[in-house]
Amino acid sequence: METYAIKYELEAKREYFLKRPFDILLSSLGIILSFPLCIIIAVAIWLEDERPVLFCSERVGKGGVIFKHIKFRTMIRDADKIFGHIQAKENDHRITRVGKFLRATAMDELPQLWNIIKGDMSFVGPRPLLPDEIEVGNGSSESVLIHEIPGYWERHSVRPGLTGVAQIFAPRDIIRKHKFYYDLIYVRRQGFWLDIRLILLSFWITFRGKWESRGKKF
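Read on for an overview of the structure. (Residues numbered from 1 in each chain as written. Predicted model: local features only at pLDDT ≥ 70, side-chain atom pairs only at ≥ 80, totals over all residues. Heavy atoms only, no water.)

1. Re the side chain of Thr163
Okay, step 1: As for its position among the elements, Thr163 is in strand β6 (residues 161-163).
Okay, step 2: Not counting residues within four places of it along the chain, the set of residues in contact with Thr163 comprises Phe123, Val124, Gly125, Ile168, Leu198, Ser202 and Trp211. (Helix = DSSP H or I, 4+ residues; strand = E, 2+ residues; numbered from the N terminus. Contact = heavy atoms within 4.5 Å.)

As structure tokens, then:
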């Protein structure tokens, strides 16, 4: 795998004993149980906006390693080429009708179970970011490369996650500097029972369709 240029030497964070076996067990079960649902989702995406059904992109993983990140496509075709890598906003015109439902329930992320099986990701951890993502309006009128924001490199000392502290507790549209603070809480306090709590909260948010909520998610 290609490695992203890292300015700072990352301190290796040791995973708790059960983390990797737990990831493999839970993601394997998830792939089996969600397979029929994934077929339905794929057909719905194709009927609305044809191919591609999946959206693949490069993301930064643990230690700055680049990996291929997979999810169901929720935006119009070639949205990144047309508009650039910009974080989705409320009532974003790039998002399709099927995509709105998938994002609200986090079902667009089901293909990432394969990323967890491969070891690119974990069930719980900081959200995987694009290598060339930018922050617009990070406390100023200018755009900022996110790898220049404090906390960016430390969050990559662990595997990125399908869910996490920032994904659940951070307000949807806060600036990255503040969102990274939530990521660092997980990096420093990670453990089996914290993961269980975050996963259960994630299922509850999915059940309520609140992942795109700008207020509290639960």
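2. Describing unusual backbone geometry
Okay, step 1: Residues Arg51 and Pro52 are joined by a peptide bond in cis, for which omega reads -5°.
Okay, step 2: Not every positive phi belongs to a glycine, and Glu50 is a case in point at roughly 55°.
Okay, step 3: The exposure class assigned to Glu50 is partly exposed, which follows from its relative accessible area of 45%.
Okay, step 4: Here the phi dihedral of Ala106 falls at roughly 65°; this positive angle occurs in a residue that is not glycine.
Okay, step 5: Following the sequence through the fold, Ala106 ends up in the loop between α3 (97-105) and α4 (112-118). (Buried < 20%, exposed > 50% of the residue type's maximum accessible area, 1.4 Å probe, protein only.)

3. Focus on the packing of aromatic side chains
Okay, step 1: Scanning the entire structure with this criterion turns up seven aromatic pairs.
Okay, step 2: Ring plane angle 75° and centroid distance 5.1 Å describe the contact between Phe192 and Trp193, whose orientation is recorded as edge-to-face.
Okay, step 3: On the basis of relative accessible area, Phe192 is assigned to the partly exposed category, the value being 24%.
Okay, step 4: Feature note: the residues Tyr16, Phe22, Phe192 and Trp193 constitute an aromatic cluster, connected by ring pairs. (Phe/Tyr/Trp six-rings, centres within 6.5 Å; stacked < 30°, edge-to-face > 60°.)

4. Focus: the packing of helix α1 (residues 19-49) against helix α7 (residues 192-208)
Okay, step 1: Where α1 contacts α7, the two axes come as close as 11 Å, and the packing angle between them is 25°. Here α1 lies roughly parallel to α7, going by the angle between them. The hand of the α1/α7 crossing is right-handed. Touching Lys19, Phe22 and Leu26 of α1 are Phe192, Asp195, Ile196 and Ile199, all from α7. (Axes fitted to C-alpha atoms, helices over the stretch in contact; angles between N-to-C directions. Parallel < 35°, antiparallel > 145°, perpendicular 65-115°, else oblique. Left-handed = near helix turned anticlockwise from the far one by under 90°.)

5. Overview of a nonpolar patch on the surface
Okay, step 1: Where nonpolar side chains cluster on the molecular surface, the patch consists of Phe35, Ile39, Val43, Trp46 and Leu47 and spans about 540 Å² of accessible area.
Okay, step 2: The residue Val43 is located in helix α1 in this model. (Patch = residues over 30% accessible without salt bridge, like charges linked within 9 Å, V, L, I, M, F, W, Y side chains within 5 Å. Areas by Shrake-Rupley, 256 points an atom, 1.4 Å probe, with all protein chains shown as cover. Salt bridge = Lys/Arg side-chain N within 4 Å of Asp/Glu carboxyl O.)

6. Looking at the packing of α1 against α3
Okay, step 1: The geometry of α1 relative to α3 is characterised by a closest axis approach of 9 Å and an angle of 150° between their N-to-C directions. By the angle between their directions, the pair α1 and α3 is classed as roughly antiparallel. The segment α1 lies against α3, with Ile41, Ala44, Ile45 and Glu48 engaging Arg97, Val98 and Leu102.
Okay, step 2: For the contact of α1 with α3, the residue count by class is five nonpolar, no polar and two charged. (Nonpolar A, V, L, I, M, F, W, Y, C, P; charged D, E, K, R; others polar.)

7. Topic: the nonpolar core
Okay, step 1: Judged by nonpolar contacts, the single largest core of 18 residues is most densely connected at Ile116, Phe123, Val124, Ile168 and Leu198.
Okay, step 2: For this core, the secondary-structure elements that each account for two or more residues are α4, β3 (122-124), α5 (165-169) and α7.
Okay, step 3: Among the elements that take part in this core, α7 stands out by supplying four residues, more than any other.
Okay, step 4: Each residue touching Ile116, except ones within four places of it in the same chain, is listed here: Arg20, Asp23, Ser27, Met121, Ser122, Phe123 and Leu162.
Okay, step 5: By size, the runner-up hydrophobic cluster in this structure holds nine residues, among which are Val60, Val144, Ile146 and Ile149. (Core = buried A, V, L, I, M, F, W, Y, C linked by side-chain atoms within 4.5 Å.)

8. Regarding helix α6 (residues 176-189)
Okay, step 1: Helix length check: α6, at 14 residues, gives a terminal C-alpha distance of 20 Å against a target of 20 Å (1.5 Å per residue), a fit within 8%.
Okay, step 2: For α6, the set of buried residues is Arg176, Lys179, Phe180, Asp183, Leu184, Tyr186 and Val187. Down the axis of α6, the buried set is contained in an arc of 155°. They therefore lie on one face. Turned more than 90 degrees off the buried face of α6, the exposed positions are Tyr181, Arg188 and Arg189. (Expected span 1.5 Å × (residues − 1). Arc of directions from axis to C-beta.)

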